[in-house]
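Coordinate analysis (summary)
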Amino acid sequence: QELGTLGFDCTLEEVDLEDITKNQINTIKACTSEDPESKCLQGIYEDLNAYRAELKNFNDQKILTTIDEMMKVSV
């Protein structure tokens, strides 16, 4: 298995590039603003929550557990 593939063999043509976080905080802007503390962690948490919901369909408990651990951050 090549590094960075996470076991998925995809090309850009096969990947749905829908932005599942488009209606949430813009995490990049929040974490690079002059006052990142206010929204940065909340944005990361919301992103992880959205990704977890999408990845739940793969039924890979290791990935879900890892995301759960990352989501234990206090927001």
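For the structure itself, look to the data block above.
Before going into details, it helps to say that this report is about the structure given with it. The structure displayed is predicted, hence computed values, not measured ones. (Residues numbered from 1 in each chain as written. Predicted model: local features only at pLDDT ≥ 70, side-chain atom pairs only at ≥ 80, totals over all residues. Heavy atoms only, no water.)

Relative to the helices and strands, Cys40 resides in helix H2 (residues 40–55). On the accessibility criterion, Cys40 (14% relative accessible area) is buried. C-alpha of Cys40 to C-alpha of Ile25: the two residues are 15 residues apart in sequence and 8.5 Å apart in space. (Helix = DSSP H or I, 4+ residues; strand = E, 2+ residues; numbered from the N terminus. Buried < 20%, exposed > 50% of the residue type's maximum accessible area, 1.4 Å probe, protein only.)

In this section: the pattern of salt bridges. In the structure shown here, the tally under the stated rule is two salt bridges. Between Asp68 and Arg52 there is a salt bridge, and its shortest N-O distance comes to 2.5 Å. Linking Asp68 in helix H3 (residues 61–70) with Arg52 in helix H2, this pair joins segments that are 16 residues apart in sequence. The class for Arg52 is buried, based on a relative accessible area of 19%. (Salt bridge = Lys/Arg side-chain N within 4 Å of Asp/Glu carboxyl O.)

Turning next to the side chain of Asp47. Within the secondary structure, Asp47 is located in helix H2. Summary of buried charges: Asp47 has no salt-bridge partner, and the nearest side chain of opposite charge, Lys39, is 13 Å away. Contact partners of Asp47, with chain neighbours within four places excluded, come to Thr21, Gln24 and Thr27. (Lys, Arg positive; Asp, Glu negative; His and termini not counted. Contact = heavy atoms within 4.5 Å.)

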